[in-house]
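Structural characterization, general
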Amino acid sequence: MSAPATCRLERRSAGPLLEFAAFGFPLGGAFVVGWPAAPGAVRHEPDGRPALLHFAPARWLAPAAEADVRALIAAAIEAGAGVAVDVEGKWQPFELHGDGADRVLAATLDVGAALEGRECAAVTLFDCPAVVTRLPGGYAIWIRASYAQHFEASVGRLLRG
């Protein structure tokens, strides 16, 4: 497979990263306003970046959470609905952009099928546990940090053709 030269993988800065795990699901109570509650739902920042991803049952990922998302998480903790854990070292964020992004991911997963009816999903890409969501012109991908080098090398081989 040969990916167009416009396709590129970028390793992003990990920055602050939280996971929220609910003690029960579905969430209930006044604090849930603003939460992406449906499976695979994503709350976006005004600039379009994913802010809170419901990537697995009763689990959310908050990459570089702004004050409004941190307030949602704090309210849920205060209500006794769950716990937040700093997972900055657990996940390595990447972005895959360009015309060939779908084809690169097709070498490991039918990403269209994985994201059908949802905005994000917990998946396995090139044997690497991951969370994936669409971005304009590509995908935001969080890879388990211990797999990041393997993921980068696998995508690199495909991009080189």
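Rules used in this analysis
Residues numbered from 1 in each chain as written. Predicted model: local features only at pLDDT ≥ 70, side-chain atom pairs only at ≥ 80, totals over all residues. Heavy atoms only, no water. Pairing = 2+ DSSP bridges. Helix = DSSP H or I, 4+ residues; strand = E, 2+ residues; numbered from the N terminus. Axes fitted to C-alpha atoms, helices over the stretch in contact; angles between N-to-C directions. Contact = heavy atoms within 4.5 Å. Phe/Tyr/Trp six-rings, centres within 6.5 Å; stacked < 30°, edge-to-face > 60°. Buried < 20%, exposed > 50% of the residue type's maximum accessible area, 1.4 Å probe, protein only. Lys NZ or Arg CZ within 6 Å of the ring centre and 35° of its normal.

Some points on the sheet that holds strand β4 (residues 50-56)
- Overall, antiparallel pairing links the five strands, which are arranged β3-β4-β5-β2-β6 in an open sheet. Taken across any chain shown, the strands that pair with only one partner, and hence form the sheet edges, are β3 (42-44) and β6 (82-86). In this sheet, neighbouring strand axes are inclined to one another by 15° on average, regardless of whether the strands run parallel or antiparallel.
- The pairing of β4 with strand β5 (residues 59-63) spans two bridges and is antiparallel. The partner of Leu 53 across the bridge, within β5, is Leu 61.
- The strands touched by helix α1 (residues 67-78) are β2 (17-22), β3, β4, β5 and β6; relative to β6, the strand with the most contacts, the crossing angle is about 135°.

What to know about the packing of aromatic side chains
- Across all of its chains, the model carries six aromatic pairs by this definition.
- Ring centres of Phe 126 and Phe 151 lie 6.1 Å apart, and the angle between their planes is 55°; on these two criteria the pair is classed as tilted. Remark: Phe 151 occurs in helix α4 (residues 148-160) and Phe 126 occurs in the loop between β8 (120-125) and β9 (128-135); sequence separation between them is 25 residues.
- With relative accessibility at 14%, the residue Phe 126 sits in the buried group.
- Three or more aromatic residues link up through ring pairs in this structure, and these residues are Phe 20, Trp 35 and Trp 60.
- Note that Arg 144 overlies the ring of Trp 91, its terminal NZ or CZ placed 5.2 Å from the centroid.

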